[in-house]
Protein chains: 2
Amino acid sequence: MSKKTRRTRQVERTPGRPSGDSDIRDRLLEIALREFSTHGFRGVSVTTIAKEAGATPAMIHYYFANKQGLYEAVLQHALGPILSRLEAVRSAPPEGEDLLPRFVRGYMQLLAENPAVPSLIVRDVLSPGGQMRETFLNGFASRGGSGVRDLVKRAQALGRLRDDLDPDLAALSLLSMAVFPFVGRPVAGQVLDYSLAPEHIDVLAEHTLNLFYNGASAS
Amino acid sequence: MSKKTRRTRQVERTPGRPSGDSDIRDRLLEIALREFSTHGFRGVSVTTIAKEAGATPAMIHYYFANKQGLYEAVLQHALGPILSRLEAVRSAPPEGEDLLPRFVRGYMQLLAENPAVPSLIVRDVLSPGGQMRETFLNGFASRGGSGVRDLVKRAQALGRLRDDLDPDLAALSLLSMAVFPFVGRPVAGQVLDYSLAPEHIDVLAEHTLNLFYNGASAS
DNA sequence: ATATTAATTAAATAGTTTATTAATATTGCC
DNA sequence: GGCAATATTAATAAACTATTTAATTAATAT
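All values reported here derive from a predicted model rather than from experimental measurement. (Residues numbered from 1 in each chain as written. Chains lettered and ligands numbered in written order. Predicted model: local features only at pLDDT ≥ 70, side-chain atom pairs only at ≥ 80, totals over all residues. Heavy atoms only, no water.)

1. What to know about the protein's contact with DNA strand C
Just so we agree on the cut-off: By convention in this text, a residue qualifies as near a molecule or strand provided that one of its non-hydrogen atoms is within 4 Å of it. The term polar contact refers here to a pair of N or O atoms within 3.5 Å; inside protein, the definition further demands a hydrogen-donor-capable atom paired with an acceptor-capable atom, and it admits residues adjacent in sequence only when both atoms are side-chain atoms. The helix and strand labels rest on DSSP assignments: H or I over at least four residues marks a helix, E over at least two residues marks a strand, and numbering proceeds from the N terminus.
Around DNA strand C, 28 residues are found, and the nearest of them are Ser22(A), Tyr62(A), Tyr63(A), Arg17(B) and Lys67(B). A share of 71% of the atoms of DNA strand C within 4 Å of the protein falls on sugar and phosphate groups. With respect to DNA strand C, the side chain of Ser22(A) contributes an N or O atom lying 2.6 Å from a phosphate oxygen. Taking His61(B), its side chain carries an N or O atom lying 2.9 Å from a phosphate oxygen of DNA strand C. When residues in the surface near DNA strand C are grouped by element, the largest group, four residues, is from helix 3 (residues 57-64) of chain A.

Okay, structure coming up:
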């Protein structure tokens, strides 16, 4: 009933520099990632983010100049490591090997370890007017998406995959199975029982590869 | 450079009841579906919707009382027919038949014919605070999602599907392949070549079923 | 010690946007 | 001709929101 009901961190700090080291900057980044990923850029106010992080809006301008600056910092903070690790997965030893399994495992592992990122991507890439749409498409999707199609073609050339499959459609299906469990979790997780915890993600990855290669038919 | 640059319909109507029949109500519903599905409820203003539909904000209150009323009307208008048709698909003759193919074909056909619906769902179900989250989960996902799992179990009992597959995971994979091409189109469609036009959707549906049942392995 | 720099809050500002309502005008119908 | 239906224009007003300024305290360097 009192006024201070919705407060998450009720530190009641007074003005002035606090003693000891501060982790407000990091907390702001974490909270902002969470909020932006669920409500989108326009859907969250700096006031909300600050309050949630146990700080004041002025801190956001102190550390990031403005809201846009905060957003860009969040992107870099969240996507940077992922992109470089993804690149490492792709530039693997290419000796006549079907690279799809390696790709799927690495990809799903990455998504599992960074649960807010899929939502952030959905928010900002799937909706027109999303900030990082081009950035994303250039630096990520082109490597992830057409990358998968190239890997499919290659596996076909190696005689590992059926030749009658359309590479685009096969890549689409594989990508769907790898990505949708994450972005669709709020709805799918409600009616289907599966875990996306990083320590269990190999179960899903192996299932996916098994299904993709062998199919579900009996006999 | 002039003020009236972004106008879509430049009818320049004058006040007063226009001659002939009016389709403004329908146009408002269509535009609102499009806008809500791409920007979410909070992301669109009634002014925008009205302008886009060639009308004024006051008309929205005339027909729907307020913004929330418009939203609910949109939901009913867009989802109602889908839900009933989906129910019809599910209550099909159950004579010892594997119903999965029928389900997948009907499901993808429905999504293809109503392109705004997947986005609307993504917007309002995937993000916390989405209006129709519970409504949707109760009336739709429970039938669609766990429905698929039940169909998988049944197909296993009939000896059509491998017994070693986890029904939840198999259902998840199938659902992923059926849904993701639609919701992920803005990103996937950029790098992979596939059509979601209703008249081509059977290509994708047959591919999906083929892959699901037979797998992608050569030999 | 003292001055300067860093980190923080409180409070004000100012700007935009937004949903909604009131008043008014034109057409259709009995 | 008059009431009901369908529009527009314009006003309201309320809520928010991003950002800035000033004040306050702690840390650090001199």
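2. Quick word on the UniProt feature "DNA-binding region" (unreviewed entry) in chain A
As a reminder, the rule being used: UniProt positions are given in the numbering used here, feature names are shortened, and annotations may be inferred rather than shown by experiment.
Residues annotated by UniProt as "DNA-binding region" (unreviewed entry) correspond here to residues 45-64 of chain A. Overall, residues 45-64 of chain A shows 75% helix and 0% strand. The separation of its end C-alpha atoms is 14 Å.

3. So, the relation of the copies chain A and chain B
Condition: Least squares is the method for superposing the copies, and the C-alpha atoms it fits come from residues with pLDDT of at least 70 in both.
Expressed as a screw transformation, the operator carrying chain A onto chain B has a rotation angle of 179 degrees and an axial translation of 0.0 Å, and the superposed copies differ by an RMSD of 0.2 Å. Here the copies are linked by what is in effect a two-fold axis. Minimal C-alpha distance to the rotation axis in chain A is attained by Gly215(A), lying at 1.8 Å.

4. As for the protein's contact with DNA strand D
For the record, the criterion: Each residue receives one of three labels: charged for Asp, Glu, Lys and Arg, nonpolar for Ala, Val, Leu, Ile, Met, Phe, Trp, Tyr, Cys and Pro, and polar for the others, Gly being one of them.
Not every one of the 29 residues close to DNA strand D is listed here, only the nearest: Gly16(A), Arg17(A), Lys67(A), Ser22(B) and Tyr62(B). Between DNA strand D and the protein, one listed contact pairs a phosphate oxygen with a backbone N or O atom of Val46(A) at 2.8 Å. Mapped onto the surface near DNA strand D, the elements with two or more residues apiece are helix 3 of chain A together with helix 3 (57-64) of chain B. Per-element accounting of the surface near DNA strand D gives the leading share, four residues, to helix 3 of chain B. Looking at the surface near DNA strand D residue by residue, the class counts come to 14 nonpolar, eleven polar and four charged.

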